[in-house]
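The primary structure of each chain is shown beneath.
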Amino acid sequence: MLKIIVSIALILPLLLQAQYGVDRIRGFSLKQSDADNHHQSIQPAIRFYAPTKKGEFENLFSSTDSTRKFSILPVVDSYLKFDNSINYRVSAGVNFEKTWGKWYNRTQITGGWSMREDHTQNHAVFLPFNAHQGYIFTDFRTRLAYTPNDQLHIALGVDNQFFGEGYRSLIQGDQVAPAPFVLLRTNFWKLEYGFMYQFFHENNFSVKQLHWKFNTTHYLSWNATKNFNIMLLESIIFQGKDSTYKRGFEVEYLNPFVFFRPQEYSLGSTDNTMLALQTSYYYLDKKHAVYMQLPLDEFVLKAMLKRTKWWANKYGYQLGFKGTCGKLNYIVEGNLVRPYTFSHLSINQNNGNQSRPLGHFLGSNFLEVLTQIQWRLKSVRLGLFSSFVLKGYDENGINFGGDIYQNYLTHPKEYGNTIGQGLTQRSLNLQVQVSTVLAPIQMEIYFQSGGLYSFGEIGNSFKPILMLGIRSNLFQDRKMW
């Protein structure tokens, strides 16, 4: 079986250039605990110990060695890749982890050089103000947490947040640059209430300045049963400085118990508010799950019911299935986002950070269907990833809603806006990966091969890929197998 997979991986590029990059295949997880106060869809998971029925304690964080009090481990994220040209990344660093009493800290610093940046490469927290073909690759993140009991968790640091159960997230994902944050999570009964502040920015390379923008999010997650979870979320992004005055961080948004839309109107502002609903249901002994995500940027119900396809009906939808059958894990997921969703009047108000969307890397005006299958064969893991993407791009400088960094007021038509409008491009992606993990230091060695075929109004192209790499799976908790 292994010989067959490796043969396919080597031959596939010979049998198969596109408008977006190729994913490096990564893992996904199923529900980790039966505890009522464990809310799987908010990641990273809280590190605390909850009493079991026997009066003992179990760690609610999934890790191969989550009980250690202190560790310093090497970090590597390097690869050699061929995709019509040869490029590479060489980077190394260190990961520090320490638990003392009710406090916990994890810090990771990685640095190196990358020939080319793509959507799978995290931006640095603060990018240098220069543009070049090569990139100084840096990845710094830290998380300091205080968890006095299983009802309260306070954390701050520099890191990504991930909302949802899927391979992607339409709310906040982990492909965007890590950002400074302060987070409070509190549990009571089967509910978890969370409140978070985040500090984003955009880089103005022409004048070498940072334009700060801020995000305030609160959510309520309910474990209705041990199998069924539902969560409501509201967030608002506002700029630190507009055309009239320097606002800084708006203190009115520090109130964790108000709805932001009325608060926004009371301030007389046009800040960017988003509502979201997500839910998941586990079945067959929690070995399988169906999950859904629905972010609502703006919409008018009357216009939706009349199916006018009004430009300002801005929303996305995710539906997925995942599960495990013996040594095989699978995930099947569909994502779509309407044109102009997540965009706003300026780049300092949209749902982005350092030129990247906070959620799905394609931003808006797209449809994606993806499938991933993973096998475990002793110390070797085999993975197969495939996806189909329909994406609309701008044409001759006209904003058709596919770039969230465009001003949404520049839309060319009021009605009849559909997914894929503008220059319509379709892409087929097929990847095979063989990997093994050095468990004591959580370091993964992988070989990936495949191809990405793109066709449509922009033209037809093919990008083969051969990649050999080594990376650490230490900090991003949801990526751990």
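For the structure given in this document, a descriptive report is provided here. (Residues numbered from 1 in each chain as written. Predicted model: local features only at pLDDT ≥ 70, side-chain atom pairs only at ≥ 80, totals over all residues. Heavy atoms only, no water.)

A closer look at the overall build of the chain
Helix and strand counts for the chain come out as three helices and 24 strands. Carbon and sulfur atoms provide 64% of the accessible area of the chain, an area that totals close to 20800 Å². (Helix = DSSP H or I, 4+ residues; strand = E, 2+ residues; numbered from the N terminus. Areas by Shrake-Rupley, 256 points an atom, 1.4 Å probe, with all protein chains shown as cover.)

A word on a nonpolar patch on the surface
Together, Leu-80, Phe-82, Ile-86, Tyr-88, Val-90, Trp-113, Met-115, Ile-136 and Leu-466 make up a nonpolar patch on the protein surface, roughly 810 Å² of accessible area in all. For Ile-86, the position within the fold is in strand E5 (residues 86–100). Accessibility expressed as a relative area gives 58% for Ile-86, which makes it exposed. (Patch = residues over 30% accessible without salt bridge, like charges linked within 9 Å, V, L, I, M, F, W, Y side chains within 5 Å. Salt bridge = Lys/Arg side-chain N within 4 Å of Asp/Glu carboxyl O. Buried < 20%, exposed > 50% of the residue type's maximum accessible area, 1.4 Å probe, protein only.)

What about the pattern of salt bridges?
Inspection of the entire model under this criterion finds 13 salt bridges. In this structure, Glu-298 engages Lys-314 in a salt bridge whose closest nitrogen and oxygen atoms are separated by 3.0 Å. With Glu-298 in strand E15 (residues 288–298) and Lys-314 in strand E16 (residues 314–325), this pair connects stretches of sequence that are 16 residues apart. Owing to a relative accessible area of 26%, Glu-298 belongs among the partly exposed residues under this scheme. Accessibility expressed as a relative area gives 0% for Lys-314, which makes it buried. One salt-bridge network, in which partners are shared between bridges, spans Asp-139, Arg-141, Arg-143 and Asp-159.

Comments concerning the nonpolar core
Taken as a class, soluble globular proteins show a tendency for nonpolar side chains to be buried jointly. In this structure, Phe-163, Ile-171, Tyr-219, Met-231 and Leu-233 are the most contacted members of the largest nonpolar core, which totals 23 residues. When contributions to this core are tallied by element, the ones reaching two or more residues are strand E10 (179–188), strand E13 (228–239) and strand E14 (272–283). Residue contacts for Phe-163: discarding those within four places in its chain leaves Ser-41, Ile-42, Ser-169, Ile-171, Gln-172, Met-196, Tyr-219, Met-231, Leu-233, Gln-278 and Gln-293. (Core = buried A, V, L, I, M, F, W, Y, C linked by side-chain atoms within 4.5 Å. Contact = heavy atoms within 4.5 Å.)

Here we look at the packing of aromatic side chains
Scanning the entire structure with this criterion turns up twelve aromatic pairs. Plain terms: the ring middles of Trp-103 and Tyr-146 are 4.7 Å apart, the flat faces sit at 35 degrees to each other, and that makes the pair tilted. Of the two residues, Trp-103 sits in strand E6 (residues 103–114) while Tyr-146 sits in strand E7 (residues 135–149), which places them 43 residues apart along the sequence. The class for Trp-103 is partly exposed, based on a relative accessible area of 37%. With a centroid separation of 5.3 Å and 50 degrees between ring planes, the pair formed by Trp-311 and Tyr-408 is classed as tilted. With Trp-311 in the loop between helix H3 (301–305) and E16 and Tyr-408 in the loop between strand E21 (380–393) and strand E22 (423–438), the pair connects residues that are 97 residues apart, well separated along the chain. Assigned by exposure class, Trp-311 and Tyr-408 land together as buried. Taken together, the aromatic side chains of Trp-310, Trp-311, Tyr-340 and Tyr-408 make up a single cluster linked through ring pairs. (Phe/Tyr/Trp six-rings, centres within 6.5 Å; stacked < 30°, edge-to-face > 60°.)

Observations concerning unusual backbone geometry
The phi torsion of most residues other than glycine is negative, and most of the peptide bonds are trans. A cis amide bond, omega 5 degrees, links Gln-43 with the succeeding residue Pro-44. Topologically, Pro-44 is positioned in the loop between strand E1 (42–43) and strand E2 (49–51). At Leu-284, a position not held by glycine, the phi torsion is positive, near 50 degrees. Note on placement: Leu-284 falls in the loop between E14 and E15. Among the residues examined, Leu-284 registers a relative accessible area of 58% and is labelled exposed. Its identity is not glycine, yet Asn-365 carries a phi of approximately 60 degrees, on the positive side. Its place among the elements puts Asn-365 in the loop between strand E19 (356–357) and strand E20 (366–377).

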